[in-house]
Amino acid sequence: MSATAKAVNPAAPSAGPAGPAGPAGPAGEADRRPRWTPGRVALLAAALVLAALWVLPLAWAVATSLKPENETTRTSLEWIGSQITFDAYEKVWASGDLARWMLNSAYISVVTTALTVATCAMAAYGFSRTAFRGRKTLYGLVLAGIMVPPQVLIAPLFAEMVSLGLVDTYWGVILPQVAVPAMMFILVKFFEGVPRELEEAAHVDGAGRWRVFWTVVLPLSRPVLAAVAIFTFIQTWNNFLWPFLVTTDPNAMTLPVGLVNVQSTYGARYAQVMASLVIAGLPLLLVFAFFQRQIVRGVAHTGLAGQ
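Residues numbered from 1 in each chain as written. Predicted model: local features only at pLDDT ≥ 70, side-chain atom pairs only at ≥ 80, totals over all residues. Heavy atoms only, no water.

Draft legend 1. Quick look at empty space enclosed by the protein. Under the definition given, this model contains one cavity of 30 Å³ or more. The space that makes up the largest cavity amounts to roughly 40 Å³. Contributing to the lining of the largest cavity are Ser 105, Ile 108, Ser 109, Thr 236, Trp 237, Asn 239, Thr 254 and Pro 256. Secondary-structure elements contributing two or more residues to the lining of the largest cavity are α5 (98-129) and α12 (222-238). The dominant element in the lining of the largest cavity, judged by the number of residues it contributes, is α5, at three residues. For the lining of the largest cavity, the class distribution of residues is three nonpolar, five polar and no charged. (1 Å grid on protein atoms, 1.4 Å probe; cavity = no way out; pocket = protein on both sides within 12 Å on 5 of 7 lines; lining within 4 Å. Points joined across faces, edges and corners; volume = space filled by probe spheres on them. Helix = DSSP H or I, 4+ residues; strand = E, 2+ residues; numbered from the N terminus. Nonpolar A, V, L, I, M, F, W, Y, C, P; charged D, E, K, R; others polar.)

This is how it looks when you write it as structure tokens:
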């Protein structure tokens, strides 16, 4: 350090071998390591217990699907049968058009997710930024939809699809799943946490409401939009009741509906039932494996935890 710098700041420490940033080397690294306090150990133990509770049923389903059919009903608890066989998967695949059902589920889930994210984002931005007469009343009615069980709406929705001629079509499955009040509520809470100064600065530069939404708000909302998209995709892929009611054509069935129809043809054969469940859940496991970081970031930025 020069003499002039020392005169300006006499208390400034001289740069030594460790540099001005503080201690370095093994001692500094040891200080940055997390300490195993009793609370941290308890949290880790609780996380391991919860992980085991989630993994054990999945492991049991996979193990049962790989057993011979005559060994799935034994009373003794055996994880591995006398031999590992893929007969259950071969029979399930041969009993129905699984490739077509997977494509149907993928198409319906992707389109439903895209429409849900688009409509819920625009509606949420309107509620969070636009003042109009009856806004609170309309917003309250939308939130009331969260408390309405989906089963209550099945009869009127089915009658509507029949009147529109959308039974046994993709749109008959997609459209009733697009309006999701819970997802819109999450987006409203997030948009309320976005600083208004950013939008005001864009307005000063001549941007309109629509351009501000697309160029300012949406780029800042990528984590929560990713979370909403992933949750919607998983929910749509797993949805059984509505696709089961609105589709009777095997070519229009989704994977859960098709697998249930296949299972009903051969009765309760547990190895094949478990194989069907593994086949239906495998795409969701892949989605979670590839997008788990986006899920965690989205949950952390939804605005529901302290924002």
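Draft legend 2. Looking closely at the nonpolar core. Grouped together as the largest cluster of nonpolar side chains are 26 residues, with contacts concentrated most on Met 184, Leu 187, Phe 191 and Val 212. Taken together, the elements giving at least two residues each to this core come down to α5, α9 (181-192), α11 (209-220) and α12. The contact partners of Val 212, leaving out residues within four places of it in the chain, are Tyr 125, Glu 199, Ala 202, His 203, Ala 207 and Val 217. Judged by nonpolar contacts, the second largest core, of 23 residues, contains Ala 61, Leu 98, Phe 233 and Ala 275. (Core = buried A, V, L, I, M, F, W, Y, C linked by side-chain atoms within 4.5 Å. Buried < 20%, exposed > 50% of the residue type's maximum accessible area, 1.4 Å probe, protein only. Contact = heavy atoms within 4.5 Å.)

Draft legend 3. Just the packing of aromatic side chains, in detail. A complete count under the given rule lists twelve aromatic pairs for this structure. Taking the centre distance of 6.3 Å and the plane angle of 45 degrees together, the rings of Phe 127 and Phe 132 count as tilted. On the basis of relative accessible area, Phe 132 is assigned to the partly exposed category, the value being 36%. Measuring from centroid to centroid gives 6.1 Å for Trp 210 and Phe 213, while their planes differ by 45 degrees, and the two rings are tilted. In this pair, Trp 210 and Phe 213 are both assigned in helix α11, three residues apart and thus about one turn of the helix distant. Judged by relative accessible area, which is 53%, Trp 210 ranks as exposed. Taken together, the ring pairs in this structure connect Tyr 125, Phe 190, Phe 191, Trp 210, Phe 213 and Trp 214 into an aromatic cluster. (Phe/Tyr/Trp six-rings, centres within 6.5 Å; stacked < 30°, edge-to-face > 60°.)

Draft legend 4. Representation of the confidence of the model for the chain within the structure. Here the chain averages 78 in pLDDT, and 80% of its residues register 70 or above. Summarising per-element confidence for the chain, the mean pLDDT is lowest in helix α1 (residues 3-8) (44) and highest in helix α8 (residues 170-174) (91). Counting contacts from residues 1-22, a segment whose pLDDT is below 50, to residues more than four positions away or on other chains yields five contacts. Considering only residues more than four positions removed or in separate chains, one finds that residues 303-307, a stretch of pLDDT under 50, has seven contacts. (pLDDT = per-residue confidence, 0-100.)

Draft legend 5. Representation of a nonpolar patch on the surface within the structure. A grouping of Trp 54, Val 55, Leu 58, Val 62, Leu 282, Leu 285, Leu 286, Phe 290 and Phe 291 is seen on the molecular surface, where their side chains present a nonpolar patch of about 840 Å² in accessible area. Elements with a contribution of two residues or more to the nonpolar patch: α3 (38-65) and α15 (270-300). The leading source of residues in the nonpolar patch is α15, at five residues. Position of Phe 290 among the secondary structure elements: in helix α15. Using a relative accessible area of 66% as the deciding quantity, one classes Phe 290 as exposed. (Patch = residues over 30% accessible without salt bridge, like charges linked within 9 Å, V, L, I, M, F, W, Y side chains within 5 Å. Areas by Shrake-Rupley, 256 points an atom, 1.4 Å probe, with all protein chains shown as cover. Salt bridge = Lys/Arg side-chain N within 4 Å of Asp/Glu carboxyl O.)

Draft legend 6. Examining the packing of helix α6 (residues 135-144) against α9 more closely. Running from amino to carboxyl end, α6 crosses α9 at an angle of 130 degrees, the nearest separation of the two axes being 8 Å. Considered as vectors, α6 and α9 are oriented oblique to each other. Side by side, α6 and α9 meet where Tyr 139, Val 142 and Leu 143 of the first sit next to Pro 181, Met 184, Phe 185 and Val 188 of the second. Of the residues in the contact of α6 with α9, the class split is seven nonpolar, no polar and no charged. (Axes fitted to C-alpha atoms, helices over the stretch in contact; angles between N-to-C directions. Parallel < 35°, antiparallel > 145°, perpendicular 65-115°, else oblique.)

Draft legend 7. A look at the side chain of Thr 236. Inspection of the secondary structure assignment puts Thr 236 in helix α12. Assessed through its relative accessible area of 8%, Thr 236 is described here as buried. A polar contact is formed between the side chain of Thr 236 and the backbone oxygen of Thr 232, at a distance of 2.7 Å. Thr 236 has contacts with Ile 108, Ser 109, Thr 112 and Gln 177, leaving out every residue within four places of it along the chain. (Polar contact = N/O pair within 3.5 Å; in protein donor to acceptor, adjacent residues only side chain to side chain.)

Draft legend 8. Quick look at the environment of Phe 240. Counting through the fold element by element, Phe 240 comes out in the loop between α12 and α13 (241-246). Separated by 14 residues in sequence, Phe 240 and Thr 254 have C-alpha atoms that sit 8.2 Å apart. Once residues within four sequence positions are removed from consideration, Phe 240 is found in contact with Pro 256, Val 257 and Val 260.

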